[in-house]
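Summary of the model geometry
Here are the chains, one letter per residue:
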Amino acid sequence: MIRPKSPFRRIAAIAAGAVIGIGTMTMFAAPASAHHPEPSGTYCLGSNGQVTVTWKVGNSENIFATITAVSSTLSSPLSGDLKVGATLEAKGGKRLSATQTHTLSDPKKKPKIELTVEARWERPDRIVTEHRTVAATKSGKCAAQPTPSPSSPTPTPTTTASPTPTPSPSTVSPSPSTPATETPTPTPTATTPPSEPVGTVESTCDKLTFTIENPADGKTVVMTLTPNKGEAKTLTVEPGKTGSVSFDAVEGLTVTPAAEGLDDNEPIAWEKPADCNPGQGGGKDEPALPLTGAATGGIIAGAVVLLAAGAGLFVMARRRRVRFTA
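Because the structure is predicted, anything quoted here is derived from the model rather than measured.

Calculation notes
Residues numbered from 1 in each chain as written. Predicted model: local features only at pLDDT ≥ 70, side-chain atom pairs only at ≥ 80, totals over all residues. Heavy atoms only, no water. Helix = DSSP H or I, 4+ residues; strand = E, 2+ residues; numbered from the N terminus. Contact = heavy atoms within 4.5 Å. Patch = residues over 30% accessible without salt bridge, like charges linked within 9 Å, V, L, I, M, F, W, Y side chains within 5 Å. Areas by Shrake-Rupley, 256 points an atom, 1.4 Å probe, with all protein chains shown as cover. Salt bridge = Lys/Arg side-chain N within 4 Å of Asp/Glu carboxyl O. Lys, Arg positive; Asp, Glu negative; His and termini not counted. Charge placed at Lys NZ, Arg CZ, Asp CG, Glu CD. Buried < 20%, exposed > 50% of the residue type's maximum accessible area, 1.4 Å probe, protein only. Polar contact = N/O pair within 3.5 Å; in protein donor to acceptor, adjacent residues only side chain to side chain. Pairing = 2+ DSSP bridges. pLDDT = per-residue confidence, 0-100. Disulfide = S-S within 2.5 Å. Core = buried A, V, L, I, M, F, W, Y, C linked by side-chain atoms within 4.5 Å. Phe/Tyr/Trp six-rings, centres within 6.5 Å; stacked < 30°, edge-to-face > 60°. Lys NZ or Arg CZ within 6 Å of the ring centre and 35° of its normal.

A closer look at the environment of P273
With respect to the helices, strands and loops of the structure, P273 is situated in the loop between β16 (268-269) and α2 (296-318). When the C-alpha positions of P273 and R123 are compared, they lie 7.3 Å apart, and in sequence the two are 150 residues distant. Here P273 is in contact with R123, P124, D125, R126, I127, S203, T204 and C205, once residues within four sequence places are set aside.

Structure (structure tokens):
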């Protein structure tokens, strides 16, 4: 009886098991929390100091979102379908749009034209709210509006010119005065303000999480988060860094943010996602493991498939062929 040697069989079995394991993990992995609206804007200047802005907002995710807040640095109203309560179609779909017409108080001064949009996404295991601020870019001068022509010409009355009197020799014409030379006023150099940080609020089955992304050219952000149940927490994020703070989810939990330059200090409530197991969130007596990705049923199914594949590959690796020779 000869036992054939297969030195590569065990290596192949281990490699195949790794491939299956990685594929299973990829299949059941949850998407990253990168939800955000995608605003953009352009503006043109008219001859009379009037500026016309066009805004558009897209979606970063493959599910629809709801617009929860819209604000502009211009005081004129927004006209279009971009408004609070509007539905933002999934990525690649129709973008929401709006226009603004505003007359500048000083046409020589570069205007600050920015739009801030906040949106909300509801997934089975999480609810995400995030905002983005964008500055409109100049697209040139606005096209001149055509002047309507009159339907019929207005007749011009005919007048008889009276004879022009001849000036007497004693009349002396005044000498023209030399116009004064104006000294040009230097235009002040505009200072670019630092970029604003981006805040995200995420409600999962067991946590209410606040995240701040601070751009590299921003200022250090110090935010105090005070819950209605429990102790306050301080979140400090330096430029170019990202930080987060979480609170345990309980029914009725609200957290009030406070920071320098923060206009909205309204309490933020924890919202329970739809796909939470009994006992998750809400301060139930029986604690459960947090959901950090896909649903529990999908994780269990993936584990069963992985174990079955590993067992089969192990048996194949241990099996030996038996060959009889005369």
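From this point, the narrative continues.
What about a negative patch on the surface?
Taken together, the side chains of E196, D263, D264 and E266 make up a negatively charged region of the molecular surface. Secondary-structure assignment places D263 in the loop between β15 (254-259) and β16. You can call D263 exposed: its relative accessible area is 75%.

A look at the side chain of E61
Mapped onto the elements of the fold, E61 is located in the loop between β2 (50-59) and β3 (65-72). The buried category is assigned to E61, whose relative accessible area is 8%. Looking at E61, its side chain comes within polar contact range of the side chain of S60, at 3.0 Å. In this view, E61 contacts A34, H35, A90, K91, W121 and R123; residues no more than four positions away in its chain are not counted.

Quick word on the sheet that holds strand β14 (residues 242-248)
Taken together, the seven strands give an open sheet; going across it, the order is β5-β3-β7-β8-β10-β11-β14, and neighbouring strands pair in antiparallel fashion. Since the sheet does not close on itself, it has two edges, and those belong to β5 (87-88) and β14, each with one partner. Sheet topology note: the strand β10 (residues 198-204)/strand β11 (residues 207-213) ladder contains six bridges and is antiparallel. In the sheet register, E202 faces β11, and the bridge partner there is T209.

Side note on the pairing of strand β6 (residues 96-103)
Judged by which residues are buried, β6 turns out to be one-sided: L96, A98, Q100 and H102 face inward and are buried, whereas S97, T99, T101 and T103, on the alternate face, are not. Relative to β6, β2 runs antiparallel, the two being bridged by eight bridges. By the bridge assignment for β6, W55 is matched with A98. Sheet analysis places strand β4 (residues 79-80) next to β6, joined by two bridges and oriented antiparallel.

Some words on the confidence of the model for the protein
Summary statistics for the protein give a mean pLDDT of 75 and a share of 60% for residues scoring 70 or more. In this model residues 185-192 is a low-confidence stretch, pLDDT under 50, and it forms zero contacts with partners more than four residues away in sequence or in other chains.

Observations regarding the state of the cysteines
Counted under the stated rule, the structure contains two disulfides. Covalently, C205 is tied to C276 through a disulfide, its sulfur atoms 2.0 Å apart. With the S-S bond torsion at -95°, the cross-link from C205 to C276 turns out left-handed. Here C205 is found in the loop between β10 and β11, whereas its partner C276 is found in the loop between β16 and α2, with 71 residues between them in sequence.

Considerations on the nonpolar core
Counting 22 residues, the largest nonpolar core has Y43, V51, V53, W55, I67, L82 and I113 as its most contacted members. Listing elements by their share of this core, those giving two or more residues are β1 (37-45), β2, β3, β6 and β7 (114-123). Not counting residues up to four positions away in its chain, the partners in contact with I113 are Y43, V51, V53, W55, T73, L74, V134, A135 and A136. Listed in part, the 15 residues of the second largest apolar core include I212, L235, V237 and V255.

Digging into the packing of aromatic side chains
Enumeration over the complete set of coordinates arrives at one aromatic pair. An angle of 90° between the planes, with centres 6.2 Å apart, marks the rings of F210 and F247 as edge-to-face. Placement of the pair is F210 in strand β11 and F247 in strand β14, with a sequence separation of 37 residues. Each member of the pair, F210 as well as F247, is classed as buried. Above the face of the F247 ring, K233 is positioned so that its terminal group lies 4.8 Å from the ring centre.

As for the pattern of salt bridges
Inspection of the entire model under this criterion finds seven salt bridges. Among the salt bridges present, the one from E61 reaches R123, with a minimum N-O distance of 3.1 Å. In this pair, E61 is assigned in the loop between β2 and β3 and R123 in strand β7, connecting sequence segments 62 residues apart. Owing to a relative accessible area of 15%, R123 belongs among the buried residues under this scheme.

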